[in-house]
Amino acid sequence: MCADSSSTPSTFSSDSKFSSTSRKAASVLSHHPERITSGEQARQLAGIGRKIADKIDEFLQTGHLRKLDKIRASDVAVATAELSRVSGIGPAKARQLIDGGVRTLEELRARPELLNRHQTLGLRYVTEFESRIPRQEAAAIERHVLHRVAELDGRYRATVCGSYRRGAESSGDVDLLITHPDYTSDGAETGRRRTVDGAETGRGRSAAGSATARGSGRSAGGRLLGAVVDHLSQDGFVTDTLSQGDSKFMGVCRLPGAQYTTHRRLDIRLVPHDQYHCAVLYFTGSDEFNRQMRAHALEQGFTLNEYGLRPLGTTGVAGEPVPVGSEREVFEYLQYPYRPPEQRNL
DNA sequence: TCGACGGAGGAGGGAG
DNA sequence: CTCCCTCCTC
DNA sequence: GTCGA
């Protein structure tokens, strides 16, 4: 769903604080209206400290950065970046591979035994996952998914969030939120796996414990999400699963039809019914819009997150969540002028 | 000078 | 088996 | 790396 730089709460593509810090600095600089002519001048901006100011001075002086030259020349950094293109491979796995003599995707393809399931799929689809989803195709995916979900059980509610919902002309993936009246946060269903049949114990159960027995020993959430995923797999739309638990599916999909040749990343989250609108609000973003809205909520004496809107007591302790019947109601509670998703691209 | 920086679901593997 | 840790994703 | 306590 990462459209440009700001989508949902997730402008953290690569690693650690360095990434987040320098990203903020870069953002501040790029949005600065005037031309920066000295490190001292840049130093005044939020997120620019001594070190970055020094680097600005060095670049202004010499036209390049020694540190950057060094990184570009480092083959380990290059190999890490290359291997990290694969979904499921992060810094640790990349280092492990490099230590094992694998530095390119080509070399990686020759060593499939080094990869787990997620990484194997990530490698298979690496190029496809790097291509963006045109809005027209995302809309077709939305139609297909909403139709199939409604056909499975009309009580589901589903919304495609992320930059697509904000009207973006292209998206990085499709992020679907679903809910169902049978699944609420107050539930007796707090994730813990219960024994299916209390009476039966011992070796008799071993067969039932088969890994693929979805739907037998499952929480309410697991059944509700699993049923959707199964239904979407039935017609071949969902092609692969990267991971799947009781509340979150991460996988791969492709629409039927000759014009759709590229596999796309699809995430499905099952959200408690009473938290649905706050979750849709949160996962629609943008990051910056969420920050501003949360700040406004605090000024009004509320705390807002993906789980709900709660009043803050005088001591600063959050109270019970305010019942919310729509996204718009969240705005109204906060006396925040309503903005449709297309106007949340901050 | 020092801790926080968003944080949770899921895979996988080790300890008990 | 459960618990807990690291890694990864978003 | 940067910010604020």
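Since this is a predicted model, take the numbers as computed values, not measurements.

Caption draft 1: Structural context of the protein's contact with DNA strand C. Around DNA strand C, 14 residues are found, and the nearest of them are Gly88, Gly90, Ala92, Lys93 and Arg265. A distance of 3.4 Å is found between a phosphate oxygen of DNA strand C and a backbone nitrogen or oxygen belonging to Pro91. Take Arg265: an N or O atom from its side chain is 3.1 Å from a phosphate oxygen of DNA strand C. Taken together, the elements giving at least two residues each to the surface near DNA strand C come down to helix H6 (91–99) and strand E7 (264–270). Split by residue class, the surface near DNA strand C holds six nonpolar, four polar and four charged.

Caption draft 2: Molecular detail of the side chain of Ser171. Counting through the fold element by element, Ser171 comes out in strand E3 (residues 170–171). Not counting residues up to four positions away in its chain, the partners in contact with Ser171 are Arg132, Ile133, Ser163 and Tyr164.

Caption draft 3: Focus on the pattern of salt bridges. Following the criterion strictly, the structure yields 16 salt bridges and no others. Close ionic contact of Arg103 with Asp75 constitutes a salt bridge, the shortest N to O distance being 3.9 Å. Within this pair, whereas Arg103 is found in the loop between H6 and helix H7 (105–109), its partner Asp75 is found in helix H5 (residues 75–83), the two being separated by 28 residues in sequence. The exposure class of Asp75 is partly exposed, given its relative accessible area of 48%. A single network of salt bridges, built from pairs that share partners, joins Glu82, Arg85 and Glu130.

Caption draft 4: Spatial organisation of the protein's contact with DNA strand B. In the vicinity of DNA strand B, 13 residues are found, and the nearest of them are Gln244, Gly245, Asp246, Ser247 and Lys248. When the atoms of DNA strand B within 4 Å of the protein are sorted by group, sugar and phosphate make up 73%. Here Asp246 contributes a backbone N or O atom positioned 2.8 Å from a phosphate oxygen of DNA strand B. With respect to DNA strand B, the backbone of Lys248 contributes an N or O atom lying 2.9 Å from a phosphate oxygen.

Caption draft 5: Layout of the packing of helix H10 (residues 135–152) against helix H12 (residues 220–234). Contact geometry of H10 with H12 gives a least axis separation of 10 Å together with a crossing angle of 120°. Regarding the angle of H10 to H12, the classification is oblique. Of the two possible hands of crossing, H10 and H12 adopt the one that is right-handed. Every residue of H12 that contacts H10 at Val145, Arg148, Val149, Glu151 and Leu152 is listed here: Ala227, Val228, His231, Leu232 and Gln234. Split by residue class, the contact of H10 with H12 holds six nonpolar, two polar and two charged.

Caption draft 6: Focus on the pairing of strand E4 (residues 174–179). The element E4 is extensively covered by neighbouring structure, given that six of its six residues are classed as buried. In E4, alternate side chains face the same way, and those of Val174, Leu176 and Ile178 on one face and Asp175, Leu177 and Thr179 on the other are all buried. Where strand E2 (residues 157–160) meets E4, four bridges bridge the pair, whose relative direction is antiparallel. Paired with Arg157 across the bridge in E4 is Thr179. Alignment of E4 against E7, held across five bridges, turns out to be parallel. Across the sheet, residue Leu176 finds its bridge partner in E7, namely Ile268.

Caption draft 7: Quick look at the environment of Leu114. Along the chain, Leu114 falls in the loop between H7 and helix H8 (117–124). Note on Leu114: relative accessible area 27%, which makes it partly exposed. Sequence separation between Leu114 and Gly63 is 51 residues; the distance between their C-alpha atoms is 42 Å. Among residues more than four places away in sequence, those in contact with Leu114 are Lys93, Leu97, Val102 and Gln119.

Caption draft 8: Structural view of the domain arrangement of chain A. For chain A, the assigned domains are domain 1 (21–64), domain 2 (78–130), domain 3 (133–188 + 220–275) and domain 4 (285–343). Of note, the centres of domain 3 and domain 4, computed from C-alpha atoms alone, are 26 Å apart.

Caption draft 9: A look at the UniProt feature "domain: Helix-hairpin-helix DNA-binding motif class" (unreviewed entry) in chain A. Those places that UniProt annotates as "domain: Helix-hairpin-helix DNA-binding motif class" (unreviewed entry) correspond, in this numbering, to residues 40–59 and 81–100. In residues 40–59, the share of helix is 70% and the share of strand is 0%. The end C-alpha atoms are 13 Å apart. Along residues 81–100, the helical share is 60% and the strand share 0%, with 16 Å between the first and last C-alpha atoms.

Caption draft 10: Representation of the packing of aromatic side chains. Following the criterion strictly, the structure yields six aromatic pairs and no others. Aromatic pair Phe289 and Tyr336: ring centres 6.5 Å apart, planes at 45°, arrangement tilted. Note that Phe289 is positioned in helix H14 (residues 287–299) and Tyr336 in the segment after helix H15 (327–333), a separation of 47 residues in sequence. The residues Phe289 and Tyr336 share a single accessibility class, namely buried. Members of the aromatic cluster, each reached through a chain of ring pairs, are Phe289, Phe331, Tyr336 and Tyr338. Across the ring face of Tyr125, the terminal group of Arg124 is positioned such that the distance to the ring centre comes to 5.8 Å. Its end group placed over the ring of Tyr338, Arg328 keeps NZ or CZ at 4.1 Å from the ring centre.

Caption draft 11: View of unusual backbone geometry. Cis rather than trans, the peptide bond between Gly285 and Ser286 has omega equal to 0°. In this structure, Gln335 takes a positive phi of about 50° despite not being glycine. As for its placement among the helices and strands, Gln335 is situated in the segment after H15. Residue Gln335 is classed as exposed on the basis of its relative accessible area, which comes to 64%.

Conventions adopted
- Residues numbered from 1 in each chain as written.
- Chains lettered and ligands numbered in written order.
- Predicted model: local features only at pLDDT ≥ 70, side-chain atom pairs only at ≥ 80, totals over all residues.
- Heavy atoms only, no water.
- Near = heavy atom within 4 Å.
- Polar contact = N/O pair within 3.5 Å; in protein donor to acceptor, adjacent residues only side chain to side chain.
- Helix = DSSP H or I, 4+ residues; strand = E, 2+ residues; numbered from the N terminus.
- Nonpolar A, V, L, I, M, F, W, Y, C, P; charged D, E, K, R; others polar.
- Contact = heavy atoms within 4.5 Å.
- Salt bridge = Lys/Arg side-chain N within 4 Å of Asp/Glu carboxyl O.
- Buried < 20%, exposed > 50% of the residue type's maximum accessible area, 1.4 Å probe, protein only.
- Axes fitted to C-alpha atoms, helices over the stretch in contact; angles between N-to-C directions.
- Parallel < 35°, antiparallel > 145°, perpendicular 65-115°, else oblique.
- Left-handed = near helix turned anticlockwise from the far one by under 90°.
- Pairing = 2+ DSSP bridges.
- Domains from an automatic or database assignment.
- UniProt positions renumbered as here; feature names shortened; annotations may be inferred.
- Phe/Tyr/Trp six-rings, centres within 6.5 Å; stacked < 30°, edge-to-face > 60°.
- Lys NZ or Arg CZ within 6 Å of the ring centre and 35° of its normal.

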